[in-house]
Amino acid sequence: MKHDLELKVQAWLDGELPEHEARRIGQWIARDAEASALAAELGCVRQALSRHEAPVTVGESREFYWSKIERQIQREAAVPGKDSLPWLARWRKYLEPAAGVVALTCVILMAVMQAGSRTFDEISSPGDGMEAVTFHDQSAQMTVVWLRTAQNQSVPKNVRFEDEHGTVVDLE
Amino acid sequence: MRRAACLLFSAFFLAAIGAAAAGLKLEARLVWATNDEKGGPNCKPLDGDLAGKLHGMFKWKSYFEITNQLACIPVNKTRDIKMSAHCTLRVENLGGSRVEITCIGEGKEVQKWTDTLTPPKWLVFGGDCENNTAWFIGLRSNNPEPNKIISKN
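Cut-offs applied
Residues numbered from 1 in each chain as written. Chains lettered and ligands numbered in written order. Predicted model: local features only at pLDDT ≥ 70, side-chain atom pairs only at ≥ 80, totals over all residues. Helix = DSSP H or I, 4+ residues; strand = E, 2+ residues; numbered from the N terminus. Buried ≥ 20, exposed ≤ 12 C-beta atoms within 10 Å, placed from the backbone. Contact = placed C-beta atoms within 7 Å. Core = buried A, V, L, I, M, F, W, Y, C linked by C-beta atoms within 7 Å. Pairing = 2+ DSSP bridges. Axes fitted to C-alpha atoms, helices over the stretch in contact; angles between N-to-C directions. pLDDT = per-residue confidence, 0-100. Parallel < 35°, antiparallel > 145°, perpendicular 65-115°, else oblique. Left-handed = near helix turned anticlockwise from the far one by under 90°. Nonpolar A, V, L, I, M, F, W, Y, C, P; charged D, E, K, R; others polar.

Trainee: Outline the overall build of chain A, listing residues and values.
Mentor: Scanning chain A from N- to C-terminus turns up five helices and five strands. In sequence order, the secondary structure elements of chain A are arranged as α-α-α-α-α-β-β-β-β-β. Out of the 172 residues in chain A, the part that is buried amounts to 6%. Of the contacts made within chain A by residues no fewer than 6 positions apart, 24% connect residues no fewer than 24 positions apart.

Trainee: I'd like to hear about the overall build of chain B, residue by residue, with values.
Mentor: When you go through chain B residue by residue, the secondary structure sums to three helices and nine strands. Starting at the N terminus and walking to the C terminus, you meet the elements of chain B as α-β-β-α-β-β-β-β-β-β-β-α. Residue burial in chain B is summarised as follows: out of 153 residues, 30% are buried. The contacts of chain B with a sequence gap of at least 6 include a subset with a gap of at least 24, amounting to 47%.

Trainee: Give me the nonpolar core: which residues, what numbers.
Mentor: All names here are of chain B. Judged by nonpolar contacts, the single largest core of 37 residues is most densely connected at Val 31, Leu 89, Val 124, Phe 136, Ile 137 and Leu 139. The biggest single contributor to this core is strand β1 (residues 24-34), with seven residues. Sequence-distant contacts of Leu 89, defined by excluding residues within four places in its chain, comprise Ala 28, Ile 81, Met 83, Ile 101, Cys 103 and Ile 137.

Trainee: Outline the sheet that holds strand β7 (residues 108-116) of chain B, supporting the account with residue identities and numerical values.
Mentor: Pairing in this open sheet of five strands is antiparallel, and the strands run β1(A)-β7(B)-β6(B)-β5(B)-β4(B) from one edge to the other. Strands with a single pairing partner mark the edges of an open sheet, and in this sheet they are β1 (123-126) of chain A together with β4 (78-82) of chain B. Between one strand axis and the next, the sheet turns through 15° on average, direction left out of account. The pairing of strand β5 (residues 87-95) of chain B with strand β6 (residues 98-105) of chain B spans eight bridges and is antiparallel. Its bridge partner being in β6(B), B:Asn93 is matched across the sheet by B:Val99.

Trainee: An account of the confidence of the model for chain B is requested, with residue identities and associated values reported.
Mentor: Residues and elements named next belong to chain B. Of the residues in chain B, 80% reach a pLDDT of 70 or more, and the chain-wide mean stands at 83. Contacts of residues 149-153 to residues separated by more than four positions or lying in other chains number nine contacts, the stretch itself having pLDDT below 50. Confidence estimates for the predicted assembly give a pTM of 0.54 and an ipTM of 0.79.

Trainee: Provide a residue-level description of the packing of helix α1 (residues 3-14) of chain A against helix α3 (residues 33-52) of chain A, including the pertinent values.
Mentor: Geometrically, a packed helix pair is captured by the angle between its two axes and the distance between the axes. Residues and elements named next belong to chain A. Where α1 meets α3, the closest approach of the two axes is 10 Å, and the angle between their N-to-C directions is 50°. As the angle between them shows, α1 and α3 are arranged oblique. Between α1 and α3 lies a crossing of right-handed hand. Across the interface between the two elements, Glu 6, Val 9, Gln 10 and Leu 13 from α1 touch Ala 35, Leu 38, Ala 39, Leu 42, Gly 43 and Arg 46 from α3. Of the residues belonging to the contact of α1 with α3, the class tally is six nonpolar, two polar and two charged.

Trainee: So, the packing of helix α2 (residues 19-31) of chain A against α3(A): which residues are in play, and what are the values?
Mentor: All names here are of chain A. Between α2 and α3, the least distance of the axes is 5 Å, while the angle of their chain directions is 110°. Our classification of the angle between α2 and α3 gives roughly perpendicular. Of the residues in α3, those in contact with Trp 28, Ile 29 and Ala 30 of α2 are Ala 35, Ser 36 and Ala 39. The class makeup of the residues in the contact of α2 with α3 is five nonpolar, one polar and no charged.

Trainee: Just give me the short version of unusual backbone geometry, but keep the residues and values in it.
Mentor: Following B:Pro119, the chain continues to B:Pro120 via a peptide bond in cis, the omega torsion being 0°. Following the sequence through the fold, B:Pro120 ends up in the loop between β7 and β8 (122-128). Non-glycine residue A:Gln141 carries a positive phi angle of around 50°. Topologically, A:Gln141 is positioned in the loop between β2 (130-137) and β3 (142-149).

Okay, structure coming up:
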């Protein structure tokens, strides 16, 4: 038997079904042996529970018991809800994440601008009659711009550097 | 936890904005390189990491500091740094550690150079002098490095 039909039998036994459905289920139980057996078993359980269940009694009078519940409801209704919060407190939950997003955007923009500006690093513009030779020492983090007149085409003196094979070259 | 994260982020953000708005702190040194052991009366031996770097790249025996200037240049502003009676640097802070440096010798523009000065990088201009000596002008930003700003917070 399907579970929903079992529930229908239970509801029929508890008198929870509408009248026309209760009549239909009653006819079906009378016809069907399995349903009839289930109804009988559930009826026995119901009877056993009603006989042996300990009665629960409230020590107070009915009026006093319900007046307590009423007072509790009134007390909870008196507590200010979300609608009575000041406008700043209500907007704060939106303002905080918005401020975070704006700040993060600014930081990212600054980082992007800084990174972008490095694409045109080192722009050299010698004056009239001047030339510049540039040395980069990555390990020492130093850039040297050697200035000389255009007439003097000699290489810088007293320079030592490593060529592409790692050999130290001295210019004297 | 949420408040602490908020404070941390704000501190980082304000530090980054503050560092960008405070301007570029620039150190400029005029150096004379020679093979003599002694310099002139107004010379003192060059110290600091610039001395080591020049010794590593060039073969002169001695490096003497003639001038040591400090300047703070706001963003998009230009400052003249007088290094000697004959030489002046005109430095414009382009923002984001970018600078445009104009070397002016005897009132004449000798070289214009645009670069990014992030510590501890040195930008050094140099040239020959009489009697196999040379002059150097070393420039370095004294602003804190970006990763140090973060570590302070």
